[in-house]
Structure formats: C-alpha cells, structure tokens
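Spelled out from the first residue to the last, the chains are:
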Amino acid sequence: MARVFVSSVINAEAGAVWERVRDFNGLPKWHPRIRDSRIEDALPGDKVGCIRNFNLQNGDNIREQLVGLSDYDLFYSYTMLEGPMPLWDYMATLRLTPVTDGDRCFAEWSAEFDCDPGNATDLQNGIATNVFQGGFDALKRHFGG
C-alpha cells in the first residue's frame, strides 16, 4: 500500500475555501491541471455515489466516484475508477480544518493506493506534486496567499 499526504495553509476562512472546492464536479474551476469535467447520469455534484468524468490538460481521462462528503467536517473522499496511472484501489480525501488564529485554513489531501513496488515512488511524487500541491498552490493564488 502506497500513501501520499500533502498539507498547506491557505489564507482564507475554511468555509470560503470549502465553498470553492466542495463541488465534486468543480475541479476545472480551481485546479489548473483539469480541462473539463462532467458528472455522469446527470446526478448532482454532491451526491455520494456520483461519478465525475474529467480530462486533464494533457488529454488523459479519469473517472472518480464520490464516496463521502461532509459539510460539517469539511471533507470529501473519492475513489478512482479509471485513469492513466498504473495503480488500483485508489482512495483519496480532501479535508479542510479552520485555523482560528488569523482565520486561515489548514488543507490536507491524502491518498492510499496499490501499485507495482517499482512504480510507487514515481506515483507518490507525481500525485503529491502535480495533483495535491498543484491544487493547493492554485487555491492559495486565488485567495491571495
């Protein structure tokens, strides 16, 4: 089992950041690596069980299913159903926690997955840098940090 964990502090209230990232179909609005996204079967983007089908800027296609979402705890979890990376049993969580000192937000994005041992380090580094940190950097730019 491979694991990835990335965290960051965003200079905005957690509620404002949650409003930006909450929509499971909203990746193209805030993540620079995502070209377009749609929810299959016309389900709402916050319905547990919905599937987002999206394309990266490089044209790769990924399908992920929302498996948990909490407006109270400010998190959502999802699993990858199909994608270009040589991995399986991928489960990820994006979670926000208020930092009351200065009305900031602690953001953490984590994933666990299985893969061939020879691919683990490259996959972990790619997900950490390109997906998770890339998303956090875009959020920090959006919120002026």
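Residues numbered from 1 in each chain as written. Predicted model: local features only at pLDDT ≥ 70, side-chain atom pairs only at ≥ 80, totals over all residues. Heavy atoms only, no water.

Engineer: What is the right way to read unusual backbone geometry from this model?
Structural biologist: Residues other than glycine predominantly adopt negative phi, and peptide bonds predominantly adopt the trans conformation. Positive phi, close to 60°, is recorded for Asp41, a residue that is not glycine. As for its position among the elements, Asp41 is in the loop between strand 2 (34–39) and strand 3 (51–56). Under the relative-accessibility criterion, Asp41 is labelled exposed at 68%. A positive phi angle is found at Asp89, which is not glycine, with a value near 55°. Positionally, Asp89 belongs in strand 6 (residues 87–99). (Helix = DSSP H or I, 4+ residues; strand = E, 2+ residues; numbered from the N terminus. Buried < 20%, exposed > 50% of the residue type's maximum accessible area, 1.4 Å probe, protein only.)

Engineer: Looking at this structure, how should I read the pairing of strand 6?
Structural biologist: Residues in a regular strand point their side chains to alternate faces of the sheet. As paired elements, strand 5 (residues 75–82) and strand 6 share five bridges and run antiparallel to each other. The residue of strand 6 that forms the bridge with Ser77 is Thr93. Between strand 5 and strand 6, which follow one another and run antiparallel, lie four residues. Examined bridge by bridge, strand 6 and strand 7 (residues 104–115) share eleven bridges and lie antiparallel to one another. Residue pairing across strands places Leu94 opposite Trp109, the latter belonging to strand 7. Here strand 6 folds back onto strand 7 in antiparallel fashion, the turn holding four residues, of which Gly102 has a positive phi close to 95°. (Pairing = 2+ DSSP bridges.)

Engineer: Just checking my understanding: could you explain the nonpolar core for this structure?
Structural biologist: Note that soluble globular proteins tend to have their nonpolar side chains buried in a common cluster. Judged by nonpolar contacts, the single largest core of 41 residues is most densely connected at Tyr90, Phe113 and Phe132. No other element matches the seven residues that helix 3 (residues 120–142) contributes to this core. (Core = buried A, V, L, I, M, F, W, Y, C linked by side-chain atoms within 4.5 Å.)

Engineer: So what exactly am I meant to see when it comes to helix 1 (residues 14–21) here?
Structural biologist: Helical geometry note: an α-helix holds 3.6 residues per turn, so side chains three or four residues apart project in the same direction. For helix 1, the complete set of buried residues consists of Ala14, Val17, Trp18 and Val21. Within helix 1, the buried residues cover an arc of 100° as seen down the axis, which keeps them to one side. (Arc of directions from axis to C-beta.)

Engineer: Which parts of the structure should I look at to understand the packing of aromatic side chains?
Structural biologist: Considering all chains together, one arrives at nine aromatic pairs under this definition. Measuring from ring centre to ring centre gives 4.6 Å for Trp109 and Phe132, while their planes differ by 15°; the resulting arrangement is stacked. Here Trp109, found in strand 7, pairs with Phe132, found in helix 3; they are 23 residues apart in sequence, far enough to count as distant. Here the aromatic cluster, defined as three or more aromatic residues joined through ring pairs, consists of Trp18, Phe24, Tyr76, Tyr78, Tyr90 and Phe113. A cation over a ring is seen here: Arg52 above Tyr78, with NZ or CZ 4.9 Å from the ring centre. (Phe/Tyr/Trp six-rings, centres within 6.5 Å; stacked < 30°, edge-to-face > 60°. Lys NZ or Arg CZ within 6 Å of the ring centre and 35° of its normal.)

Keep in mind these numbers describe shape, not what the thing actually does.
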